[in-house]
Amino acid sequence: MVDETGAVFQRSWLADAVAGARRAAVAVVPPVLTIVLLVVAWEAAVRLFHVPIYLMPAPSAVAERIAEKSEAFAMDTWTTTYESLLAFLFSILLGVPLGIAIVAWRAVDRTAYPVLVASQAIPKVAIAPLLTIWLGYGLTPKIVVGLTVAFFPVVISTVVGLRSVPVESIHLGRSMGLGSIGMFFRIALPYALPSIMGGLKVAIALAVVGAIVGEFTGSDRGLGHARQASAGLIDTPSTFAALTLLVLVGVVLFGVVAWLERIVTPWHSADRLAEVYA
């Protein structure tokens, strides 16, 4: 009997592993195949039409340039990643509490919310030079620019998520004698988490953009600086190398947040629907 139970458990585990591998392959193979086809088409077009390297380098030339300057690009990539992560972290630490305050207190909603929305009309490229003048050429202005870009979707997603809690659930919590703290952690937060995590996925991408904008205006390191310096020298392969690494940073960080979303919100309906229609 024990052997039969163990065999059943082993078959069940194996079936789950195979199903998980199949879902992973379905999720990964199509985008990877698309990227490979685009790179091959790019390489073929450059070679077929003899495009000058200063106009459009082939992917092979970009890869060679990354290998030639691997140490410099590695440091620039780490700098931009570090700035983006700090901006993202501060956007969470400031954006989520502000979103909660907007929902909880009408005075904050009436005062801070309109100012927050109006502030997004200011182009961040316009204020980045001012931040460099005020805060210097160090790490701080890059983080602040990234924060100003990534902050808004975190606040909005928190507000939308908390305001989407069904009235019936609120009445149920009150009938069970839950206080304000209990209502928040047992009812409001679970409903709001999918929306908040969606905002965080947007925020991590915008944090990278903000860090690059900050590096454009004044920096001696980072992928934004590498891109600016190579463009000034008409070193197009290095420019494309910096852009390629920047894309990889954005995709990896987005993937990490998406992975955390699946862990934090396993009940999310979007994941269930994806499995149904897979």
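Here's what I pulled together on the structure shown here. All of these numbers come straight from a predicted model, not from anything done at the bench.

Here the second largest pocket is characterised by a volume of approximately 520 Å³. Forming the boundary of the second largest pocket are 16 residues, of which V103, A104, M183, F184 and A188 lie nearest the centre. Elements represented by at least two residues in the lining of the second largest pocket include exactly helix 3 (70–104), helix 6 (140–163), helix 7 (167–175) and helix 8 (180–217). Residue contributions to the lining of the second largest pocket peak at seven residues, all from helix 8. Looking at the lining of the second largest pocket, its residues break down into 13 nonpolar, one polar and two charged.

Within the secondary structure, T77 is located in helix 3. Judged by relative accessible area, which is 18%, T77 ranks as buried. In this structure, T77 is in contact with L223, L245 and V249, ignoring residues within four places of it in sequence.

Here the focus is the packing of helix 6 against helix 8. Viewed as axis vectors pointing N to C, helix 6 and helix 8 meet at an angle of 155 degrees, and their least axial separation amounts to 6 Å. Taken together, the axes of helix 6 and helix 8 lie roughly antiparallel to each other. In the crossing of helix 6 with helix 8, the sense of the turn from one axis to the other is right-handed. A breakdown of the residues in the contact of helix 6 with helix 8 according to their chemical character gives 19 nonpolar, eight polar and two charged.

Thresholds, definitions, all that
Residues numbered from 1 in each chain as written. Predicted model: local features only at pLDDT ≥ 70, side-chain atom pairs only at ≥ 80, totals over all residues. Heavy atoms only, no water. 1 Å grid on protein atoms, 1.4 Å probe; cavity = no way out; pocket = protein on both sides within 12 Å on 5 of 7 lines; lining within 4 Å. Points joined across faces, edges and corners; volume = space filled by probe spheres on them. Helix = DSSP H or I, 4+ residues; strand = E, 2+ residues; numbered from the N terminus. Nonpolar A, V, L, I, M, F, W, Y, C, P; charged D, E, K, R; others polar. Buried < 20%, exposed > 50% of the residue type's maximum accessible area, 1.4 Å probe, protein only. Contact = heavy atoms within 4.5 Å. Axes fitted to C-alpha atoms, helices over the stretch in contact; angles between N-to-C directions. Parallel < 35°, antiparallel > 145°, perpendicular 65-115°, else oblique. Left-handed = near helix turned anticlockwise from the far one by under 90°.

Coordinates in, geometry out; function isn't part of it.
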